[in-house]
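Here is how the chains run, residue by residue.
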Amino acid sequence: MPRLSEVIAALETLWPAERAESWDAVGTVAGEPDQQVTRVLFAVDPVQEIVDEAVKLGADLLVTHHPLYLRGTTTVAATHFKGRVVHTLIKNDIALYVAHTNADTADPGVSDALAGALDLRVTGPLVPDPTDPTGRRGLGRLCALDHPVTVREFAARAAERLPATAQGIRVAGDPEALVRTVAVSGGSGDSLFDQVRAAGVDAFLTADLRHHPVSEARAQSPLALLDAAHWATEWPWCELAASQLDEISDRHGWDLRVHVSKTVTDPWTAHAASPPSDPLGAPN
């Protein structure tokens, strides 16, 4: 059985901490370096529901995409929900490790997993990492479809293949326009509109799209925009990351038991569809 420090060292080869954004909080959050690791759980969010799942599973290590303390803290008191997470982890000898923006830009990374879930062929990064001589790392991915589909059909594919959420897939653009090339970015992506337009793709699938950036983007080009739930665009990375650790475990003879949480931690829990629109416009 490997020690936590050995498993963390292996994870650091996949997602080096120095490749995280300067504002990010990645790496080991809790855990004794010499503790043994036999079972690992991957999830998107380090919330209490996931930590309780790790306890029930008997996991020694929880690996999440999102940080627990992104902006720092002065207390881990159990009177606060994040403090309770810390207390539960420590009481049950569960380590917590975070790979966030360093997993976003990795090769393969979060957007590769998203493209794979949508059966897209990756042709390169949307925003290349200038430090990568291979030109494979970077933020987002540019992709091609094997054959053209309409925006409506592509949205239906995304709704079917990504984990189900209350939001589903929102679309901005002509539903009948043809899609041959796509940009994808797991997580919040409306800061990437300039790069997406420059790439000349037909559609962009990401999450957390806001009214004004979308309105302005639609005014500048016929680009179709598909807005999925943040959690749903990043969950496929958990399966990718788990398979990467499985391969490392086999290579080292560790015999780790690696699991992916199926718990939906998207915060939105219900969706009420609007009735058919009034041809006279919005109500006063």
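Residues numbered from 1 in each chain as written. Predicted model: local features only at pLDDT ≥ 70, side-chain atom pairs only at ≥ 80, totals over all residues. Heavy atoms only, no water.

Student: I would appreciate a short explanation of the environment of alanine 273 in the present structure.
Tutor: Relative to the helices and strands, alanine 273 resides in the segment after strand 11 (257-260). Using a relative accessible area of 63% as the deciding quantity, one classes alanine 273 as exposed. Along the chain, alanine 273 and leucine 68 lie 205 residues apart, while their C-alpha atoms are 33 Å from each other. (Helix = DSSP H or I, 4+ residues; strand = E, 2+ residues; numbered from the N terminus. Buried < 20%, exposed > 50% of the residue type's maximum accessible area, 1.4 Å probe, protein only.)

Student: What is the right way to read the sheet that holds strand 7 (residues 170-172) from this model?
Tutor: Backbone hydrogen bonds are what pair the strands of a sheet, in a parallel or an antiparallel way. In spatial order, the strands read 5-6-8-9-10-7; together these six strands make up an open sheet with mixed pairing. Two strands close off the open sheet at either side, each with one partner strand: strand 5 (121-128) and strand 7. If you compare each strand with its neighbour and ignore which way they point, the axes differ by 25 degrees on average. Across the sheet, helix 8 (residues 211-220) lies against strand 7 and strand 10 (224-228), angled at about 160 degrees from strand 10, the strand it touches most. (Pairing = 2+ DSSP bridges. Axes fitted to C-alpha atoms, helices over the stretch in contact; angles between N-to-C directions. Contact = heavy atoms within 4.5 Å.)

Student: What exactly am I supposed to notice about the packing of aromatic side chains here?
Tutor: Here a ring pair, both rings aromatic, is described through the centre-centre distance and the interplanar angle of the planes. Per the stated rule, a full pass over the model turns up three aromatic pairs. On the basis of an interplanar angle of 55 degrees and a centroid distance of 5.3 Å, the ring pair of tryptophan 15 and tryptophan 237 is categorised as tilted. Here tryptophan 15, found in the loop between helix 1 (4-14) and strand 1 (27-30), pairs with tryptophan 237, found in helix 9 (residues 230-252); they are 222 residues apart in sequence, far enough to count as distant. The interplanar angle of 75 degrees and the centroid separation of 6.4 Å between the aromatic rings of phenylalanine 42 and tryptophan 237 together place this pair among those described as edge-to-face. Placement of phenylalanine 42 in strand 2 (residues 39-43) and of tryptophan 237 in helix 9 is noted, with a sequence separation of 195 residues between them. Site record: aromatic cluster; members linked through ring pairs are Trp15, Phe42 and Trp237. (Phe/Tyr/Trp six-rings, centres within 6.5 Å; stacked < 30°, edge-to-face > 60°.)

Student: Can you walk me through the sheet that holds strand 4 (residues 95-98) in this structure?
Tutor: Strands sit in the order 1-4-3-2-11 across an open sheet of five strands; the sheet is mixed. Two strands bound the open sheet, and with one partner strand each, they are strand 1 and strand 11. Across the sheet, the mean angle from the axis of one strand to that of its neighbour is 25 degrees, orientation sign disregarded. Pairing geometry for strand 2 and strand 11, over four bridges, is parallel. Its bridge partner lying in strand 11, arginine 39 is registered against arginine 257. The strands touched by helix 9 within the sheet are strand 2, strand 3 (61-64) and strand 11, with strand 11 carrying the most contacts at an inclination of about 175 degrees.

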